[in-house]
Amino acid sequence: MAKQSLVKEFILFVKHEKKWWMVPLIAVLLVVGFLIVFASSSPLAPFLYPLF
């Protein structure tokens, strides 16, 4: 059995279970996580703090 990627498995789960409300939730969590990581390790951090 071939391994499926996490993203592909999530998409198949959403299609099968009809849980489309999870897609925007996961997208927002990923964007916020990216902003937190980027803000902590970037010289642009002082400019990102007003967003929060």
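Residues numbered from 1 in each chain as written. Predicted model: local features only at pLDDT ≥ 70, side-chain atom pairs only at ≥ 80, totals over all residues. Heavy atoms only, no water.

**Examining the overall build of the protein**
On a plain count of helices and strands, the protein comes out with three helices and zero strands. Moving toward the C terminus, one meets the helices and strands of the protein in the order α-α-α. Considering the protein as a whole, with its 52 residues, one finds that 12% of them fall into the buried category. Counting only carbon and sulfur atoms, one obtains 76% of the accessible surface of the protein, whose full area is about 4,800 Å². (Helix = DSSP H or I, 4+ residues; strand = E, 2+ residues; numbered from the N terminus. Buried < 20%, exposed > 50% of the residue type's maximum accessible area, 1.4 Å probe, protein only. Areas by Shrake-Rupley, 256 points an atom, 1.4 Å probe, with all protein chains shown as cover.)

**Describing unusual backbone geometry**
Positioned with a positive phi, Lys18 is a non-glycine residue whose angle comes to about 60°. Note that Lys18 resides in the loop between α1 (6-17) and α2 (22-40). Here Lys18 falls in the exposed class, since its relative accessible area comes to 61%.

**A short note on a nonpolar patch on the surface**
Together, Trp21, Leu25, Ile26, Leu29 and Leu30 make up a nonpolar patch on the protein surface, roughly 540 Å² of accessible area in all. Judged by its relative accessible area of 58%, Trp21 falls in the exposed class. (Patch = residues over 30% accessible without salt bridge, like charges linked within 9 Å, V, L, I, M, F, W, Y side chains within 5 Å. Salt bridge = Lys/Arg side-chain N within 4 Å of Asp/Glu carboxyl O.)

**Focus: the environment of Met22**
Tracing the sequence through the fold places Met22 in helix α2. Considering only alpha carbons, one finds Met22 and Phe10, twelve residues apart in sequence, at a separation of 9.8 Å. Dropping the residues within four chain positions of it, Met22 is found in contact with Phe10 and Phe13. (Contact = heavy atoms within 4.5 Å.)

**What about α1?**
End to end, α1 covers 16 Å across twelve residues, agreeing with the expected 16 Å (1.5 Å per residue, within 8%). Phi turns positive one or two residues past the end of α1, at Lys18, with a value near 60°. (Expected span 1.5 Å × (residues − 1).)

So far we have only geometry, and geometry alone does not tell us how the molecule works.
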